[in-house]
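Residue-level listing of the chains:
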Amino acid sequence: MNWLEVSLGALVKIKGGGTPSRKIPEYYEGEVPWATVKDLKGMYISETQEYITQDAIKDSAANLIPAGNIILCTRVGLGKVAINTIDIAINQDLKALFCCESLLPKYLLYYLSSLTTLIQYQGAGATVKGITIEQVKHWPIPLPPIAEQRRIVEILDQADSLRKKRAEANVKAERILPALFIKMFGDPKEWDENNSIKPLGELVEFQSGGTPSKKKPEYWEGQIPWVSPKDMKKDLLLDAMDHISELAIEETPAKLVPKDSVLIVVRGMILAHTVPVALAGAELTINQDMKALIPKTDEINSLYLFSALKASHSRLLAQVGTAGHGTRKLDTRFLIELPIMIPSKSKLKTFEAALEIGKKATGQINYTASKLEALFQNLLHRAFSSDLTAEWRKAHMAELFQEMEHQAKVLGLERAVEYEQLGVLE
C-alpha cells in the first residue's frame, strides 16, 4: 500500500518563540516554564530550567505553547524534537508545530525523529547551523489514515519502552567502577591519616596540551589523535574526532601523551555538571582544556588512579570554579594536593582481577545496547516507508519483537549476574 505524501506545511501551523530581555531580571522571576534547547532531553518536555513572567511573554516573542504540541529545534541542537506535556513558552531556537486533525502529534514526533540526520544536513549558517520555517513546511510526510497512525505509534511506543532499558543498563554500568573501588578501598572522602596517603602531585607528572593553529592546514592533516573535551565520553580512548600531524607536535604546544596516561578535563562548561576522566589507550595529544596525569612511581598504576578519580567525582566537582567569560575551571593546585591512598600490592592485584569481571559486564552491555538501537532504527525506518502495514506486521513483527525483548532481557536481567559477581550494586 502506498500512502499519500503531503507537505508538512499543509498539516501543521508553526509558531516561533523569543527571549525576554536579560536586562530586566524580573522577567525571569515568574512561574511560566520557558524552554530552550537544553530542555529537550528526551521525548517529552515536562519541566524547564528557567521560568518567566506573563509580562515577559507580552513584551517579547516568547509565545506560550499549550501542552500536547510538537517542539522542534531549528537552530542550536538542530533536529531535536519533543512533545510538551505542560504549557510552556519557547525561545527563538525552537518552533512549535500544531497538528491538524488528520495528523497525530505522536506520529509526527516519531517521523521527525527518523529525519534527524537529514535535518542536520539541511542546516545552514557560518557558525550556528539552522533551518527555516519554509524548509520545515516543505518537508514531505507520508500520511496514512489516523487508525494506521495510531497502530504505528503503538508499535513504536512498545519498541521504545524496550529500548529504554539500554539507558538503565548504561547507568548501572557507569556505577560499577566507582562502587567496586569504594568497596575495596573506602570512600575517598573518608580517607584520613590512618590510611597511607600521598598528594597526587607526588605520584604523577602533569602534562598540559595545546591547540595547533587552524590557520595552518598542514597541522591538521595527520593521523595523531588530538583529544578535546568532546571526546571524553568513554573510559578508554583509542582515537579522537580530530587528528594532527607530526609537524604540529614539533612546532606547537600539543605534545604527545604516553599510552596509559590518565586524562582529565580541567576547563570548559562540561564541568558545570561532570568532571570527565579517561584512560589513554594509545599515544595521543590533548588540547589546553585538559591535563594528562602520568604516574611516576610504582606505588600506583594508571588503572588505580583512574578508578580513584572516578570514585572522587563528587569531591572534584565541588572544587570547580568559574574562570573568565563564565566558563568553568578545575584548579590544578587542587589536583596537585588531592590526597590519594597508596594500596598494598596484594589488594591492588585483587582489584585488577575484579575489574576484569566488570569489563566483561560492560562490554556485553555495550554490544547488546547497540544491537537494540539498530533494531529500533530499522523499525523506525519501516514505519514511515509504508512497510509497516498489516501484511508486514503479520510476517515480521513477532520475530522482531522477540529479538528486541531478548536484547532488553540481556541488558536488564542477565546483566544482574555480573553485578552480583562483583558484589557492589544493590
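Structural data are supplied above this passage.
Residues numbered from 1 in each chain as written. Predicted model: local features only at pLDDT ≥ 70, side-chain atom pairs only at ≥ 80, totals over all residues. Heavy atoms only, no water.

1. Quick look at the pairing of strand β7 (residues 70–73)
Which entries qualify depends on this criterion: When accessible area is computed with a 1.4 Å probe and restricted to protein chains, residues below 20% of their type maximum are described as buried, those above 50% as exposed, and intermediate ones as partly exposed. Helix and strand labels come from DSSP, where a helix needs a run of H or I of at least four residues and a strand needs a run of E of at least two; each type is numbered from the N terminus. Strand pairing requires that DSSP identify at least two bridges connecting the strands.
Neither face of β7 is exposed, since Ile70 and Leu72 on one face and Ile71 and Cys73 on the opposite face are all buried. Strand direction decides the pairing type here: β7 and strand β8 (residues 81–84), joined by three bridges, are antiparallel. The residue of β8 that forms the bridge with Leu72 is Val81. Sheet topology note: the β7/strand β10 (residues 94–99) ladder contains four bridges and is antiparallel. The residue of β10 that forms the bridge with Ile70 is Leu97.

2. Things to note about the environment of Leu64
Counted only if it meets this: Any two residues whose heavy atoms approach within 4.5 Å at even a single point are treated as in contact.
Within the secondary structure layout, Leu64 lies in strand β6 (residues 64–65). A C-alpha to C-alpha distance of 6.9 Å links Leu64 and Asp87, two positions 23 residues apart in sequence. Beyond its immediate chain neighbours, meaning those up to four positions away, Leu64 contacts Val32, Ile57, Asp87, Ile88 and Ala89.

3. A short note on helix α2 (residues 105–114)
Within α2, seven of the 10 residues are buried, leaving the element largely enclosed by the surrounding structure. Lys106, Tyr107, Leu108, Leu109, Tyr110, Tyr111 and Leu112 are the residues of α2 that are buried.

4. Some details on the sheet that holds strand β2 (residues 12–15)
Where we set the bar: Angles here are taken between N-to-C directions and fall from 0 to 180 degrees, while the axes themselves are lines fitted to C-alpha atoms, restricted in helices to the stretch in contact.
Taking strand neighbours across the sheet as the criterion, the five strands line up as β2-β10-β7-β8-β4 in an open arrangement whose pairing is mixed. Where the open sheet ends on each side, the last strands, each with one partner, are β2 and β4 (44–45). Along the sheet, α2 contacts β2, β4, β7, β8 and β10; its crossing angle with β8, the most-contacted strand, is approximately 160 degrees.

5. Thoughts on the layout of surface pockets
Let me state the cut-off plainly: A cavity here means a set of 1 Å grid points, computed over protein atoms only, where a 1.4 Å probe fits but cannot escape. A pocket is an open set with protein on both sides within 12 Å along at least 5 of 7 lines, and lining residues have an atom within 4 Å of a point. Grid points are joined across faces, edges and corners, and a volume is the space filled by probe spheres set on the points. Classification convention: Asp, Glu, Lys, Arg as charged; Ala, Val, Leu, Ile, Met, Phe, Trp, Tyr, Cys, Pro as nonpolar; all other residues, Gly among them, as polar.
Approximately 640 Å³ is the volume found for the second largest pocket. In terms of lining, the second largest pocket is formed by 23 residues, of which the most central are Gly42, Met43, Val81, Ser113 and Arg163. Counting residues per element, the ones that place at least two in the lining of the second largest pocket are α2, α3 (116–122), α5 (146–185) and α11 (345–383). When residues of the lining of the second largest pocket are assigned to their parent elements, the largest contribution, five residues, is made by α5. Along the lines of polarity and charge, the residues of the lining of the second largest pocket split into nine nonpolar, seven polar and seven charged.

6. Some points on the sheet that holds strand β19 (residues 285–286)
Read from one edge to the other, the open sheet built from three strands follows the order β16-β14-β19, with strand pairing classed as mixed. Of all strands in the sheet, those with a lone pairing partner are β16 (242–244) and β19, marking the two edges. Bridge count for strand β14 (residues 224–227) against β16 is three bridges, and the pairing is antiparallel. Pairing of Pro225 across the sheet is with His243, part of β16.

7. Structural notes on the side chain of Thr36
Relative to the helices and strands, Thr36 resides in the loop between β3 (32–35) and β4. Residue classification places Thr36 among the buried positions, given a relative accessible area of 9%. The contact partners of Thr36, leaving out residues within four places of it in the chain, are Asn91 and Leu94.

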